[in-house]
Amino acid sequence: MTAEETNLTELGHDEHGAVAVDEHGHGHGAVEVAGDPFTDPGLEPHAPRVTDIDEKAAKKAERQVALLFLLSAACTIAFMVAYTEIPKTAIVDFFPIGAVSASNFALGTLLGVALFSLGAGAIYWARTLMTDVEFPQERHPLASDPQTRAEAIAEFQQGVEDSGIKRRPLIRRTLLLSLTVLPLPALWILRDLGPLPENTLRHTAWKAGERIINDNTVSLDGTTGQGVKPEDVTIGSLVSARPQAALSAGEDFNDLIAKSAVLLVRMDPADIKSQQERDWGYQGIVAFSKICTHVGCPVALYEQQTHHMLCPCHQSTFDLSEDGKVIFGPAARSLPQLPITVDADGYLVAQRDFDAPVGPSFWERG
Amino acid sequence: MTATTPDTAAPTTLGGKAAEYLDERLGIAGAAKKQLRKIFPDHWSFMLGEIALYSFIVLLLSGIFLTLFFNPSMNEVTYNGSYTPLDGIKMSEAYASTVNISFDVRGGLLMRQIHHWAALVFVMAITVHMLRIFFTGAFRKPRELNWLIGFLLFVMALLEGFAGYSLPDDLLSGTGLRIAEGVILSIPIVGTYVSFFLFGGEFPGHDLVPRLFSIHILLVPGLILALITVHLILVFYQKHTQWAGPGRNNENVVGLPLLPVYTAKAGGFFFVVFGVISLLSGLVSINPIWTYGPYVPTQITAGSQPDWYIGFLEGSLRMMPNLEWNFWGHTLSLNVLIPSLVVPGILFTGLAVYPFLEAWITGDKREHHILDRPRNMPTRTAIGVAGCTFYAVLWIVGGNDLIATHFHLSLESITWAGRFTVFLGPAFAFWITRRICFGLQRSDRDKVLHGREAGIIIRSPEGEFSEVHSPLSDGDRYKLTQHDVHRPLSIAQAADPNGVPAPNLRKAKLRAKITEWYFGTRIEKPTAEEYHDAITGGHH
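Note that the coordinates shown come from a computational prediction; the quantities given were computed from them, not determined experimentally.

A. Seen up close, the interface of chain B and chain A. The partner chain A presents 115 residues to the 150 residues of chain B that form the contact. In total, chain B and chain A occlude about 11,200 Å² of area from one another, counting both sides; carbon and sulfur atoms represent 61% of this. Among the residues chain B hides against chain A, the three largest losses belong to Arg106, Phe197 and Thr298 of chain B. Together they make up 7% of the total. Counting the contacts that link chain B with chain A gives five salt bridges. The partner of Lys259 of chain A in a salt bridge is Glu202 of chain B, and the shortest N-O contact between them spans 2.7 Å. Taken together, the connections running from chain B to chain A amount to 36 residue pairs in polar contact (both at pLDDT 80 or more). Broken down by element, the residue count for the side of chain B that touches chain A peaks at 16 residues, all from helix α10 (residues 258-283) of chain B. Grouping the amino acids of the side of chain B that touches chain A by side-chain chemistry returns 58 nonpolar, 53 polar and 39 charged. Bridging between strand β3 (residues 135-138) of chain A and strand β4 (residues 252-257) of chain B involves four bridges; their strand directions are antiparallel. Across the sheet, residue Phe135 of chain A finds its bridge partner in β4 of chain B, namely Gly255 of chain B.

B. Region of interest: the packing of helix α6 (residues 144-166) of chain B against helix α7 (residues 171-185) of chain B. All names here are of chain B. Interaxial distance between α6 and α7 falls to 8 Å at its minimum, and their mutual angle equals 125 degrees. By the criterion of interaxial angle, the relationship of α6 to α7 is oblique. Along its contact with α6, which presents Phe162, Tyr165 and Ser166, the element α7 presents Leu172, Ser173, Gly176, Leu177 and Ala180. Split into classes, the residues belonging to the contact of α6 with α7 amount to five nonpolar, three polar and no charged.

C. Broad picture of helix α3 (residues 55-85) of chain A. For α3 of chain A, which comprises 31 residues, the first-to-last C-alpha distance of 44 Å matches the rise-based estimate of 45 Å (1.5 Å per residue) to within 8%. For α3 of chain A, the set of buried residues is Ala57, Ala58, Ala61, Val65, Ser72, Cys75, Phe79 and Ala82 of chain A. Those residues of α3 of chain A that are buried are in contact with α2 (50-53) and α4 (102-128) of chain A together with α5 (108-135) of chain B.

D. Layout of the state of the cysteines. A full pass over the atoms with the stated rule returns one disulfide over all chains. Note on cysteine connectivity: Cys297 of chain A is disulfide-linked to Cys313 of chain A, with sulfurs 2.2 Å apart. On the sign convention where negative means left-handed, the S-S torsion of about -85 degrees between Cys297 of chain A and Cys313 of chain A marks this disulfide as left-handed. One end of the pair, Cys297 of chain A, is in the loop between β7 (285-289) and β8 (301-303); the other, Cys313 of chain A, is in the loop between β9 (308-310) and β10 (317-319), with 16 residues separating them in the sequence. Assessed through its relative accessible area of 2%, Cys313 of chain A is described here as buried. Cys292 of chain A carries a free sulfur, and the closest cysteine sulfur to it, the one in Cys311 of chain A, is 4.0 Å from it. Assessed through its relative accessible area of 1%, Cys292 of chain A is described here as buried. Counting only cysteine sulfurs, Cys388 of chain B is the nearest neighbor of Cys437 of chain B, a cysteine outside any disulfide, at a range of 13 Å.

E. Structural context of the pattern of salt bridges. All told, the structure shown has 35 salt bridges over all chains when counted by the stated rule. With a closest N to O distance of 3.4 Å, Lys325 of chain A and Glu322 of chain A form a salt bridge. A relative accessible area of 34% places Lys325 of chain A in the partly exposed class. Its relative accessible area of 26% is what places Glu322 of chain A among the partly exposed residues. Put simply, Arg140, Glu358, Asp372 and Arg380 of chain B are held in one network by salt bridges that share partners.

F. Molecular detail of the packing of aromatic side chains. All names here are of chain B. The full count for this structure, using the stated rule, is 32 aromatic pairs over all chains. Ring geometry for Phe312 and Phe348: centres 6.2 Å apart, planes at 15 degrees, overall stacked. Residue Phe312 is found in helix α12 (residues 311-319), and its partner Phe348 is found in helix α13 (residues 334-362); the two are separated by 36 residues along the sequence. Judged by relative accessible area, which is 4%, Phe312 ranks as buried. Among the residues examined, Phe348 registers a relative accessible area of 15% and is labelled buried.

What counts and how
Residues numbered from 1 in each chain as written. Chains lettered and ligands numbered in written order. Predicted model: local features only at pLDDT ≥ 70, side-chain atom pairs only at ≥ 80, totals over all residues. Heavy atoms only, no water. Contact = heavy atoms within 4.5 Å. Buried area = accessible area lost by both parts, 1.4 Å probe. Salt bridge = Lys/Arg side-chain N within 4 Å of Asp/Glu carboxyl O. Polar contact = N/O pair within 3.5 Å; in protein donor to acceptor, adjacent residues only side chain to side chain. Helix = DSSP H or I, 4+ residues; strand = E, 2+ residues; numbered from the N terminus. Nonpolar A, V, L, I, M, F, W, Y, C, P; charged D, E, K, R; others polar. Pairing = 2+ DSSP bridges. Axes fitted to C-alpha atoms, helices over the stretch in contact; angles between N-to-C directions. Parallel < 35°, antiparallel > 145°, perpendicular 65-115°, else oblique. Expected span 1.5 Å × (residues − 1). Buried < 20%, exposed > 50% of the residue type's maximum accessible area, 1.4 Å probe, protein only. Disulfide = S-S within 2.5 Å. Phe/Tyr/Trp six-rings, centres within 6.5 Å; stacked < 30°, edge-to-face > 60°.

Set out below in structure tokens:
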């Protein structure tokens, strides 16, 4: 405690004659409070506004309110005109907003002014011309008086007595039982919301010989794309890729790619710090899962010099030259590496599926 | 009319006839007599809750319009609408219909932007309103239950906002859902199952958008509407709190009548809120989903940000160190579980139970209708500011990438700074807030005893300079001294209120200790004697 605080405490413990205890009718064991040293002088007298005493000012306020209401009506009508007259593709460009949809600009501004001036008019009316003489209304304690309470309790007890629930434990217990189990089906019938996880999170679409398709070569409809040859991947480059199966996935494309997306990078094999990573790559080309092991965002920011891969969502940073291990951020596990090789046609393919589940951790992962 | 009712004339006006019609069927005259001129106290801070209510009405109105055109389906379509950059691209119907609303439905973009802006204002207004209630002690008896209802509304608003944000199936919202999936997967034991049931299988699946749609337009808004109704009925029934002042006490409420003043002010304010949201929506673009593109799990934009009210979770996730336990074939992802579920869980639980905690500490059983000035409850105020600081640090770290790029700082050092500040910041905020509260209380005390500084410097014949102090009015003096100054409990008081041996001494000791922490340091109110001494120059 600082010297000043001690001082304050002492001040607090000073015995002042006027300090009252429990004058507000606390319950026992409640913290004490000090009473009020000065009496309430009562409501301050009303100070009239200009509009209360000057009829000219009041008239002026009346006109201002009416003007606001008129403005509102005019803007409402203008809104409807703008709706029909302004073509939906028209663009307006003006400082400082820039190029915006003319229709949206006009509709929003007109509706805004119509609403605002109506509201402002009403508030201005209340503040200048309606009464501003404050007056008190009594509050009543919320609790019922003891007699009412006693009567209510008596009525309740009579009701309970009439039901016989206290005297008939068999009825009481079976009722409780049925009421306890009754809500369970509400949970039970949610079972068909989805399939059981089983081990789907452990597998992706990659398998031995699955060709790696360069995302940039995929057609707009997603059904054709080209494989990657080792000579296409230069040192320092980054290729976002998908398994060939993605080309025929149709409506399930997003489900497939959400687990199977990979990134190819090529580095000088001498830069790769791990023998396993070198073995799982091909001439310095390595493939890593694109799905962050934190909460599943696609990792996308690659720094060529350091071989660091950063996830833009929560900035987990992985070192792609050392088994994709985490070097910063909230992710706890390395980015899984996909073992790759080349097939007979010289295209990069997977040796097999990932050894570890890709994406965020889950309870059964282990 | 027969001669038996000589005094009551039959209504002649249309309104009078309508009132008679209704009263004969509903008996509303009694309620109308009592409520039409009901008094409401006036203060700017009382309109924060109104903003929340009005933006909710705006959300309902604009939301109904949007449901007429939005198609909550994950079925794949090829876009060929009037926004040419997306021509020929495959996307879900949800995304395509949102783009259509923005470009091919007249007024559609305005309604979308009104809906989104209103949602941001809604959560913001609830948050600030809740802070107002907290810092002024308006949650005290008899309003603890309404605090809980308000708390539930706050949680519902966050859920509703996130569900709505996720519906268009654009790149940003899909990324948000991917993160949500990662968070759900981190829940021990049931996480994987919850995820598979929610998404209807593996992420992203085809079921989530239609499911979120039901939740967003029916389930949660229905609950919000019901809770708002109860919330307002209670405000009406328990009557509004008021600030201290002359003529204002715990047994009355001073203000202006519902009809006409508050009808005009509150009604007018609804249009003002709606008007401001419309102007914003006409002038400031929000969530331009057509620039993000449809959701594809492999795409991402750097520097993407969620809506403001999710930012604290984002920061929490970003700053958490990478702890993960693997044991007996299971994984416990503390790096996800703690920041996204445990931290907000503790924060929100603390918020919900605070009124009950404080009531237990003070043992106060009185009704409170006069608001506390935050300075007069320094420990409560300091707890509140510490909580806000904690939230603010999380929120700021949620934008660590933007801070790094804008201010050319290292991302790592911002994150590390956040990891320390999230603990040190609230502690410092607690300490400094209490000091400021005590300082303000002392200045109030001086003002009561010696008056207000008049700004007039006089020089005495001896050459001494001094400032003239003008005394306060009776009203101001009362206003500054009517608050409670709480005293800590001794162990005996805490344990043995009725002279009966305490059943639980340890609990009593704890309570005595907490009251010492809460009220041990305090500024006493000036007494009438001190005031008398001050104005007579200290001579008896």
